[in-house]
Structure formats: C-alpha cells, structure tokens
Amino acid sequence: MSSSTSPAVGRALDILLHLAGRSGPVRASALARDLGIPRSSAYHILTVLVDRGFVTYLREEQTYGLGVSSFEIGSAYLRHEPLERLARPILRHLAGQLDQTVHLGVLYGAETVYLLKERPATSRTGDADVSLVTDIGVRLPAHLTASGRAVLAHSTQAQLRALFSRPGGLVTRTGRGPRSLSELFQLLKEDRARGWSEEVELVSEGFRSVGVAAFDHQERPVAALSSTWNRSYCRHRPEHVREVLRQGAARLTAAVAGRAPSPSREE
C-alpha cells in the first residue's frame, strides 16, 4: 500500500518491490493490475524509474525488470559492516582450513567488489601472487569471476540483460570467457544447477577460482565466498575446495538468518 502523503513515491517503491519479488520481467498492465495502480500512473512511474536506471525496459518483450541502479543500492547495503563482521571469522577459518586465500565478494552493478580477504596464517610459495588482482576494494567484471558468477547464477535473464546488454559485447581479460549473453546464460544455468561457480584463467593467467553464494531470508544471494590459487601450486583437489567453501557459505547464510533456494525456486 502506497503512502497517503506521497502516493507517487509509495507507488514507485511498491513497483520496485513487486519486480524484486518476481522471477521474470513483467508487463506494465499486469503490474498495474496486481498493485491496484491506474495504468496511466504505472506507465508514468515506470518511465521515471527507467530514466534513473532503477528499472529496465525490454523492448522486444514489452516488459519491465529491475535495472542496474537497483542492484547498486542492494550492493551498497551489503557492503555495510554487519555482513563483513559476520563473514570475517568464517573466512579466517576457511583460509586456515584450505591454507590459501579466501575472499568475500558482492555485486556492484556488473562488477564484483571484494570486501574481505583472508590469507592463511602461514603463507606459502604461490599464494602471495593472488594479492596482485584480488585485493580488498578491487572491482572486476562479475561475469569473469567465480564469486560474481555464483551470485549472478540466481538472477533472471531480464536482470542479466539489464546488467550486460551493452555495445561491444562482454569484456574479457585473458581472451577467455563468455563473449555473448547467450553464452553467459548457459554458464550461469550450469552454475546454478551444481551450486557453485568456477573460473580458470579468466581473470589472470595461471590462476583458478571457485565461488559459492550465501543467501538472505528471501533466498536471494547476498555475497559469495571464493578462493583463488595458482594452478601450478595446487594444495587441494578442486572438489575439496568447493566443499569447504560450500560449508562456509552455509554458515554465513545461517549467520544472516538466510536460507538457500529450494530446488523448485531455481527451476
């Protein structure tokens, strides 16, 4: 229900919350009907939200979905101290368990931002090189990083189009990785089905990463735990790294009172 003192603002927030709760893009007529908003008002508010980047309009489908600005607001909230405070001891434990660097990453628009980085107490040869790329505050293209893809895997195609539909296609760093939205959709579909993401030399030559998402109470990804290691200096089998990160992500999900998506939601 929109505010009686500022109906336009209330209706705009209602629209954003409605779009956030849908699994795909929505037609303006259906949105107006579901929210009880006059159709003319819905179109006017949607136009403003599109201009500001909070909503994206998919012209071919004539539907609306969340835009980049909505993702940026959510990412800004997630970068607040509580999430980091809850994640820090978990990352510290994982770094010691794996004896390699572990990160906490979130989405900022179409980029991965690293909020935390925990190294093992005793660093060995090969691990120090990871700091060249993945320091705290560094931003990287989300579709290339394991942590970014672990979060993106739970986005709708409409949301992904809003983030990555730009002239020139998808960027690469090493000449590897998805070059089109269709390729990215397929990779993320596979990541979602198996519950983890992996990149091999997409960010830096010679390095490999695995990422697993943590979720909030609405079964939405809030961040991802990842670990990066030098392929020529591998301490563990990749499946062991994945399982340790999965357990850590489950602990972070529980710490934020969240829950992982049910299989039916992920279909």
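That block above? That's the structure.
Here goes a summary of the coordinates provided. The shown structure was predicted, so the numbers you read here are calculated from the model rather than taken from an experiment. (Residues numbered from 1 in each chain as written. Predicted model: local features only at pLDDT ≥ 70, side-chain atom pairs only at ≥ 80, totals over all residues. Heavy atoms only, no water.)

## Describing the sheet that holds strand β5 (residues 139-141)
Rules: Here the rule is simple: two strands pair whenever DSSP picks up at least two bridges between them. Secondary structure follows DSSP: runs of H or I at least 4 residues long count as helices, runs of E at least 2 residues long count as strands, and numbering of each begins at the N terminus. To get an axis, a line is fitted to the C-alpha atoms, and for a helix only the part in contact is used. The angle between two axes follows their N-to-C directions and goes from 0 to 180 degrees. Residues are treated as being in contact if the distance between any of their heavy atoms lies within 4.5 Å.
With antiparallel pairing, six strands are arranged side by side in an open sheet as β5-β4-β3-β8-β7-β6. Lying at the two open borders of the sheet, with one neighbouring strand each, are β5 and β6 (197-200). On average, each strand axis in the sheet is tilted by 30° relative to the strand beside it, whichever way the strands run. As judged from the nine bridges shared by strand β7 (residues 207-215) and strand β8 (residues 221-230), these two strands associate in the antiparallel manner. Its bridge partner lying in β8, Val 212 is registered against Leu 225. Across the sheet, helix α9 (residues 238-255) lies against β3 (102-108), β6, β7 and β8, angled at about 25° from β7, the strand it touches most.

## Notes on unusual backbone geometry
Selection criterion: Summary of the burial criterion: residues with accessible area below 20% of their type's maximum are buried, those above 50% are exposed, and those between are partly exposed, where the area comes from a 1.4 Å probe applied to protein chains only.
Of note in this structure, Gln 62 is not a glycine but carries a positive phi near 55°. Tracing the backbone through its elements, the reader meets Gln 62 in the loop between β1 (55-58) and β2 (63-66). The backbone of Glu 219 shows a phi angle near 65°, a positive value even though the residue is not glycine. With respect to the helices, strands and loops of the structure, Glu 219 is situated in the loop between β7 and β8. Assessed through its relative accessible area of 12%, Glu 219 is described here as buried.

## Remarks on the packing of helix α2 (residues 28-35) against helix α3 (residues 39-51)
Inclusion rule: Two helices crossing with the near one rotated counterclockwise from the far one by less than a right angle form a left-handed crossing, whereas a clockwise rotation gives a right-handed crossing. We call Asp, Glu, Lys and Arg charged. Ala, Val, Leu, Ile, Met, Phe, Trp, Tyr, Cys and Pro are nonpolar, and the rest, Gly among them, are polar.
At their nearest, the axes of α2 and α3 sit 9 Å apart, and the two run at 115° to each other. Crossing of α2 over α3 shows right-handed handedness. Side by side, α2 and α3 meet where Ala 28, Ser 29 and Ala 32 of the first sit next to Arg 39, Ala 42, Tyr 43 and Leu 46 of the second. Here the residues of the contact of α2 with α3 are counted per class, giving five nonpolar, one polar and one charged.

## A closer look at the nonpolar core
In a soluble, globular protein the nonpolar side chains are often hidden away together inside. Just so we agree on the cut-off: Joining through side-chain atoms within 4.5 Å is the link that ties buried Ala, Val, Leu, Ile, Met, Phe, Trp, Tyr and Cys residues into a set, and such a set is a nonpolar core.
Leu 91, Leu 94, Val 102, Leu 104, Leu 225, Leu 245 and Leu 252 are the most contacted members of the largest nonpolar core, which has 26 residues in total. Broken down by secondary-structure element, the contributors of at least two residues to this core are α5 (81-98), β3, β4 (111-118), β7, β8 and α9. The leading source of residues in this core is α5, at seven residues.

## Concerning the packing of aromatic side chains
Short version of the rule: Planes of paired rings set the category: under 30 degrees apart is stacked, over 60 is edge-to-face and the rest tilted, where pairs are Phe, Tyr or Trp rings (Trp by its six-membered ring) whose centres lie within 6.5 Å. Lysine and arginine charges are scored as sitting over a ring when NZ or CZ, respectively, is within 6 Å of the ring centre and within 35 degrees of the ring normal.
Evaluation of the coordinates by the stated rule reveals one aromatic pair. Each ring, one from Tyr 57 and one from Tyr 64, has its centre 4.9 Å from the other, and the planes form 40°; the classification is tilted. Here Tyr 64 falls in the buried class, since its relative accessible area comes to 9%. Of note, Arg 194 hangs over the ring of Trp 196, and the distance from its end group to the ring centre comes to 3.8 Å. Sitting over the ring of Trp 196, Arg 242 keeps its end group 4.0 Å from the ring centre.

## Comments concerning helix α1 (residues 7-20)
Rules: Every helix has an expected span of 1.5 Å times one less than the residues it contains.
Taking 1.5 Å of rise per residue, the 14 residues of α1 would be expected to cover 20 Å, and the 20 Å separating its terminal C-alpha atoms lies within 8% of that figure. Listed as buried for α1 are Gly 10, Ala 12, Asp 14, Ile 15, Leu 16, His 18 and Leu 19.

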